[in-house]
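A closer look at the structure
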Amino acid sequence: MNLDRTLRSVVAVHASIPEDAFTAPTLGIRREGSGVVIRGNGLVLTIGYLITEAEEVWLTTNSGRVVPGHALAYDQETGFGLVQALGPLDVPALEFGDADKAEIGDEVVVADGIGQFVEAKIVAKQEFAGYWEYLLDEAIFTAPAHPSWGGAALVDEDGKLLGIGSLHLQMATEKGDSADINMIVPINLLMPILDDLIKRGRVNKPPRPWLGAFSAESNGEVVVMSVAEGGPAAKAGLRRGDVISEIRDGEVDGLADFYRKIWESGPAGSEIPMRILRDGREAWLRVKSADRGSFLRKPQLQ
């Protein structure tokens, strides 16, 4: 691998978000991370939470060149975000690898936009369910963890892009302790949707139903940690501490199953009945789902 060339393709991403934006309380109004140049015209792939509702985006190359960017797209299902550079970056585009062929034990590099990189290994490829109504059928997990993971590039031994960094997590080891790892969104999820994201800013299909519930799994049970203010779950009366045990006529078997049952209920706007356990008593709620995108500010061209 020509590591110097690879590092040139990774840029720093700086985004400013209005204080009254829907995601400002949870994600902040100043967001910093990385992105990867994937086309010669300055198209940058990053992780979507960095640029959601951004009013300003700036890209900085390893050589110090600073260029304004436009938050072109954010796909909530995969988590990918796209930024279009509004000036020449003068860096090479990184070629895509095949994440499906990557195997546990493969040696990889995780690189950020300020020239830092970590030599790592793939330690797992498995399902990942996030508390914010997010699910990947097969995420990539690498160790040791990169300290600046958001939007970082995961590259294979040939210098090809395998995925984009999303999270810093901990994984239990065989010795009984824990290890810091990164969760990576596989690049193969981008290929079927890239043209839509460039042309439309979103995937050309009905949006999934969204509840606005932040949930965790505890011993197989789905427990509500909080609800988004003004979101569907809050309006329906769902509360912190509620245990969601059933969706329509089906019992909920963990967080991933909960999400799949919600998304199988129809498009955004579908009414979703759920059985909950609250303070030792059972109750039914009917949540009128929504399109999460309708709560978010749309990108403005700088």
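Residues numbered from 1 in each chain as written. Predicted model: local features only at pLDDT ≥ 70, side-chain atom pairs only at ≥ 80, totals over all residues. Heavy atoms only, no water.

- As recorded in an unreviewed UniProt entry, the chain goes by the name S1-C subfamily serine protease, listed as coming from Rhizobium miluonense.

Some details on the sheet that holds strand β6 (residues 80-85)
- Read once around its circumference, the closed barrel built from 6 strands follows the order β1-β2-β3-β6-β5-β4, with strand pairing classed as antiparallel. Averaged over all pairs of adjacent strands, the angle between strand axes in this sheet comes to 40 degrees, irrespective of strand direction.
- In the sheet, strand β3 (residues 43-47) pairs with β6 via 5 bridges, with the strands oriented antiparallel. When the sheet's bridge partners are listed, I47 is paired in β6 with F80. (Pairing = 2+ DSSP bridges. Helix = DSSP H or I, 4+ residues; strand = E, 2+ residues; numbered from the N terminus. Axes fitted to C-alpha atoms, helices over the stretch in contact; angles between N-to-C directions.)

Quick look at a negative patch on the surface
- There is a patch of like negative charges on the surface, built from E107, E119, E157 and D158.
- Inspection of the secondary structure assignment puts E157 in the loop between β10 (153-155) and β11 (161-172).
- Classification of E157 by relative accessible area gives exposed; the value is 52%. (Patch = residues over 30% accessible without salt bridge, like charges linked within 9 Å, V, L, I, M, F, W, Y side chains within 5 Å. Areas by Shrake-Rupley, 256 points an atom, 1.4 Å probe, with all protein chains shown as cover. Salt bridge = Lys/Arg side-chain N within 4 Å of Asp/Glu carboxyl O. Lys, Arg positive; Asp, Glu negative; His and termini not counted. Charge placed at Lys NZ, Arg CZ, Asp CG, Glu CD. Buried < 20%, exposed > 50% of the residue type's maximum accessible area, 1.4 Å probe, protein only.)

Topic: the pattern of salt bridges
- Counting across every chain of the model gives 14 salt bridges.
- Between R278 and D242 there is a salt bridge, with its nearest N and O atoms 2.7 Å apart. With R278 in strand β17 (residues 271-278) and D242 in the loop between α4 (232-236) and β15 (243-247), this pair connects stretches of sequence that are 36 residues apart.
- Shared partners join several salt bridges into a network, and the residues in it are E77, K205 and R208.

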